[in-house]
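Observations on the model geometry
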Amino acid sequence: VARVTALCRALRRSEDEGDEPGWARAREEAEAALRELREIVRPLREPGYGEALRRKAERARKRRLRLQRRKHEARAAKEEEAARAAEREAKIDQWRAKCIQEVEEKNRERELKAAADSVLSEVRKKQADTKRMMDVLRGLEKLRKLRKEAAARKGVCPPPSADEAFENQVESLKTLLKTRTDLYEAEERALRVMLEGEQEEERKREMEKKQKKEREKLLQQKLEMDSKLFGDPAEFPLAHLLQPFRDYYLQAEHSVAALIQIRHEWDQYLVPADHPEGSCIPPGWVLPSLPTNDTWATAVR
């Protein structure tokens, strides 16, 4: 259209200037451009072309929307996968840190125990040395007594000052050895108390781990029992037909008044275990028995 407009202006200019050859040449070019333009516009005038063009445009729009939706879904899936990967990494890091902490605690306990055992063995060695020195002193006392008796039989008697000096020296050594013995015994008692404390802590940790496993096991059993009685909450929405039953049977967990009312109703039927007209209240839920025939099983399913 722009080219035809330009050729029309050239025609008017040639006509105004009286340029017949230029006017004829511009006229031929303008007619050729008009024929080309009519050929381009001709399909637009055919019946149904507008509808076909509209359908084509609609298909292109839907295709763009589909590509955008797929791109959005792919981006969302990628982000979700990245979030899951980050969660897995966080769990792995947490598990690794827990394992490292447990290993470090065990290593510290082992090192502490080894150090305590080493110190205890050193104390026992010192006690053994002290006992051996006491035995040496008793042996010296016995040896001097025997030599003194042998010298007396020969008529040789040592002066009293020698006996007094020997006895003073022996008593001094005995006092020193007794002090060391008491000190070593105190160290041994302290080390034994420390070792017993470590063992008690270890037993306490083991007991806590065992109790934690028991609590997890009881919780899992409770979840399984609730799932058998009321259905799996992960499979049923809040508007499921079993929801009123769950609310009714679990109302005591959320309301003190409901708990008191339920206990009052149950207490009316308390009887001894050997009562001929009743039985005691079961400690937990009474699970339904398995279907005894195919019809019942079909209804349960």
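Every chain begins its residue count from 1, and numbering advances along the sequence as written. For this predicted model, a pLDDT threshold of at least 70 governs which residues receive local features, and a threshold of 80 or more governs which side-chain atom pairs are given and counted, while totals over whole chains, interfaces and linings are taken from all residues. Hydrogens and water are ignored here; the side-chain numbers use all heavy atoms of the structure.

What follows is about the overall build of the protein chain. Secondary structure elements are taken from DSSP: a helix is a run of H or I of four residues or more, a strand is a run of E of two residues or more, and numbering for both begins at the N terminus. In terms of regular secondary structure, the protein chain is built from seven helices and zero strands. Taken against the 2.2 N^0.38 rule, which gives 19 Å for 301 residues, the C-alpha radius of gyration of the protein chain at 53 Å runs more than 25% over that of a compact globule. Referenced to the eigenvectors of the C-alpha coordinate spread, the extents of the protein chain come out at roughly 180 × 85 × 40 Å. Burial classification: accessible surface area is computed with a 1.4 Å probe over protein chains only, and a residue below 20% of its type maximum counts as buried, one above 50% as exposed, and the rest as partly exposed. Across the 301 residues that make up the protein chain, the buried fraction comes to 10%. Note on definitions: a residue-residue contact is assigned when non-hydrogen atoms from the two residues lie within 4.5 Å. Long-range contacts, defined here as pairs at least 24 residues apart, represent 54% of the contacts in the protein chain between residues at least 6 apart. Under the convention used here, a 1.4 Å probe and the Shrake-Rupley method define accessible areas, while residue burial counts only the protein chains that appear. As presented, the protein chain carries roughly 25,500 Å² of accessible surface, and 57% of it is formed by carbon and sulfur atoms. Charge counting follows a simple rule: Lys and Arg are positive, Asp and Glu are negative, and His as well as the terminal groups are ignored. For this purpose, a charge sits on NZ of Lys, CZ of Arg, CG of Asp or CD of Glu. Separation of charge centres in the protein chain, based on 65 positive and 59 negative side chains, amounts to 4 Å. We take the radius of gyration over the C-alpha atoms and set the globule estimate at 2.2 Å times the residue count to the 0.38 power.

Time to look at the packing of aromatic side chains. Two aromatic rings from Phe, Tyr or Trp, using only the six-membered ring of Trp, form a pair when their centres are within 6.5 Å; if the ring planes differ by under 30 degrees the pair is stacked, by over 60 it is edge-to-face, and anything between is tilted. Applying the stated criterion to the full structure yields one aromatic pair. When the centroid spacing of 5.1 Å and the interplanar angle of 80° are considered together, the rings of Tyr-248 and Tyr-249 count as edge-to-face.

It is worth spelling out a negative patch on the surface at this point. Patch definition: residues with relative accessible area over 30% and no salt bridge; like charges joined within 9 Å; nonpolar side chains (Val, Leu, Ile, Met, Phe, Trp, Tyr) joined within 5 Å. By convention in these notes, a salt bridge is any Lys or Arg side-chain nitrogen within 4 Å of a carboxyl oxygen on Asp or Glu. A surface patch of negative charge is lined by Glu-15, Asp-16, Glu-17, Asp-19 and Glu-20. Looking at the negative patch, the element that brings in the most residues is helix 1 (residues 2-17), giving three residues.

Our focus in this paragraph is the packing of helix 1 against helix 2 (residues 20-45). Helix-helix packing is characterised by the crossing angle of the two axes and by the distance between the axes. Think of each axis as a best-fit line through the C-alpha atoms, taken over the contacting stretch in the case of a helix, with angles from 0 to 180 degrees between the N-to-C directions. Look at helix 1 against helix 2: their axes get within 9 Å of each other, and the N-to-C directions meet at 160°. In terms of axis orientation, helix 1 runs roughly antiparallel to helix 2. As helix 1 packs across helix 2, the resulting crossing turns out to be left-handed. From helix 1, Arg-3, Val-4, Leu-7, Ala-10, Leu-11, Ser-14 and Glu-15 reach across to helix 2, where they touch Gly-22, Trp-23, Ala-26, Arg-27, Glu-29, Ala-30, Ala-33, Leu-34 and Glu-36. As a working rule, the residues Ala, Val, Leu, Ile, Met, Phe, Trp, Tyr, Cys and Pro are called nonpolar, Asp, Glu, Lys and Arg charged, and the rest polar, with Gly in that last group. Taken together, the residues of the contact of helix 1 with helix 2 break down into nine nonpolar, two polar and five charged. Oblique is the label for any angle not under 35 degrees, not over 145, and not in the 65 to 115 range, which are roughly parallel, roughly antiparallel and roughly perpendicular in turn. When the near helix sits turned anticlockwise from the far one by under a right angle, the crossing is termed left-handed; a clockwise turn instead gives a right-handed crossing.

With that out of the way, let us pick up helix 1. In a helix, the anticipated span is given by 1.5 Å times the number of residues less one. Over its 16 residues, helix 1 runs 23 Å from end to end, which matches the ideal 22 Å to within 8%, given 1.5 Å per residue. Of all the residues in helix 1, the buried ones are Val-4, Leu-7, Ala-10, Leu-11 and Ser-14. Buried residues of helix 1, viewed axially, fall in a sector of 115°; they line one side. Opposite the packed face of helix 1, turned more than 90 degrees from it, sit the exposed residues Ala-2, Asp-16 and Glu-17. Think of the arc as the fan of directions from the helix axis to the C-beta atoms.

This part is about the nonpolar core. The tendency in soluble globular proteins is for nonpolar side chains to be buried side by side. Among the nonpolar cores identified, the biggest contains seven residues, and these are Val-4, Leu-7, Ala-10, Leu-11, Ala-26, Ala-30 and Ala-33. Contributing elements (two or more residues each) for this core: helix 1 and helix 2. Per-element tally for this core: the top contributor is helix 1, with four residues. Membership of the second largest hydrophobic core comes to six residues, among which are Ala-116, Leu-120, Tyr-184 and Leu-191. The set of buried Ala, Val, Leu, Ile, Met, Phe, Trp, Tyr and Cys residues whose side-chain atoms join them within 4.5 Å is what this entry labels a nonpolar core.

Turning next to the pattern of salt bridges. Within this structure, the stated rule accounts for 15 salt bridges. Its salt-bridge partner being Lys-174, residue Glu-141 comes within 3.0 Å of it at the nearest N-O pair. Of this pair, Glu-141 sits in helix 3 (residues 49-153) while Lys-174 sits in helix 4 (residues 160-230), and the two are 33 residues apart along the sequence. Look at the salt bridges and you will find they share partners, linking Glu-80, Glu-81, Arg-84 and Arg-88 into a network.

Time to look at a positive patch on the surface. Together, Lys-98, Lys-106, Arg-110, Lys-209, Lys-212, Lys-213 and Arg-215 make up a region of like positive charge exposed at the surface. Counting only elements with at least two residues in the positive patch, the list comes to helix 3 and helix 4. Top contributing element to the positive patch by residue count: helix 4, with four residues. In this structure, Lys-106 sits in helix 3. Looking at Lys-106, the relative accessible area reads 48%, which means it is partly exposed.

With that out of the way, let us pick up the domain arrangement of the protein chain. Partitioning the protein chain into structural domains gives domain 1 (1-80), domain 2 (87-203) and domain 3 (250-283). In this document the domain limits rely on a domain assignment from an automatic tool or a database. Computed over C-alpha atoms, the centres of domain 1 and domain 2 are 108 Å apart.

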